[in-house]
Amino acid sequence: MNTTDEEGTADASGAPTRHLASGDATGNTPGNGLKIATYINAHKILVLPVVVGLMWYFDNWSAEAYIYLAMHGTYSVLWLLKYSMFADKRFEERVPAWKGMLFIFLPLAGYYVAPYLLISGRVVVPPAVIALALSTYILGVFYHYGSDAQKHYTLQARQGLIREGFFGRTRNPNYLGEILIYTGYAVMSLHWLPFLVLAGWVFGFFVRNMRAKDRLMSRYPDFAEYKRRTGLLFPRLW
């Protein structure tokens, strides 16, 4: 039984998912517009050609440009592989084309600021900073894709809170991973603007969603104890 598609079941953070056939809270039904995943996946598909295009346009084939290409490119390929193996059901909802472009696709394009600044400015990144960026990125990939896989396959077997593994010390390891990934890109740019773009996503979207999930999880009797021993985003170590 696929619990992620059933009425009233919960995702890894305890947020209930609606049956997709009933539409979302705004009245969008499966026949209205494209899936949210379509706009996100289109953005991921464009990462490799956009970054290579920037390298070609600015004639920048430096080690820094290739390292960035490898980082952002592999993240995008992994995202598409994840979608084919354990897609997030929330992204299967449909929205009108204008809303998808204005509120999903275009805001995601802000993440192209980092490669533009790096490649157009021919930034020379010190080896120690490259090591920091790569370490942050790799740790983010581990948290992001590992926790999403745990969430998906655990909910295939049972419903309710997931309090072990990636979710044992933080209630949002997937958001933590994504933030670390894009922090790695920002570090490579050696510029403040990509950090500002990331902050906009974190405080305008991620934090709001995390707090909303906390409110939904509070309906579980054991949530108070789970909240006490976990962090909202960063793992609680004691």
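Report follows, based on the coordinates. (Residues numbered from 1 in each chain as written. Predicted model: local features only at pLDDT ≥ 70, side-chain atom pairs only at ≥ 80, totals over all residues. Heavy atoms only, no water.)

Some details on the packing of helix 4 (residues 113-120) against helix 7 (residues 193-217)
Between two packed helices, the angle of one axis relative to the other and the distance separating the axes together describe the packing. Closest axis-to-axis distance for the helix 4/helix 7 pair is 8 Å, and the angle between their directions is 175°. With respect to each other, helix 4 and helix 7 are oriented roughly antiparallel. Along its contact with helix 4, which presents Val113, Ala114 and Leu117, the element helix 7 presents Leu193, Pro194 and Val197. (Axes fitted to C-alpha atoms, helices over the stretch in contact; angles between N-to-C directions. Helix = DSSP H or I, 4+ residues; strand = E, 2+ residues; numbered from the N terminus. Parallel < 35°, antiparallel > 145°, perpendicular 65-115°, else oblique. Contact = heavy atoms within 4.5 Å.)

So, helix 1 (residues 36-57)
Taking 1.5 Å as the rise per residue, helix 1 with 22 residues should run 32 Å; its terminal C-alpha atoms sit 31 Å apart, in good agreement. Considering bend angle alone, the principal kink of helix 1 is centred on valine 47 and spans about 35°; proline proline 49 follows within four residues of it. All buried positions along helix 1 are accounted for by Ile36, Ala37, Tyr39, Ile40, Asn41, His43, Lys44, Val47, Val51, Leu54 and Met55. If you follow the buried residues of helix 1, they end up packed against strand 3 (34-35), helix 2 (63-86), strand 4 (94-95), helix 3 (97-108), helix 4 and helix 6 (173-189). (Expected span 1.5 Å × (residues − 1). Bend = angle between axes of the 7 residues up to and from the residue. Buried < 20%, exposed > 50% of the residue type's maximum accessible area, 1.4 Å probe, protein only.)

Remarks on unusual backbone geometry
The backbone of aspartate 59 shows a phi angle near 50°, a positive value even though the residue is not glycine. As for its placement among the helices and strands, aspartate 59 is situated in the loop between helix 1 and helix 2. Unusually for a residue other than glycine, arginine 122 sits at a positive phi of about 50°. With respect to the element layout, arginine 122 can be found in the loop between helix 4 and helix 5 (127-157).

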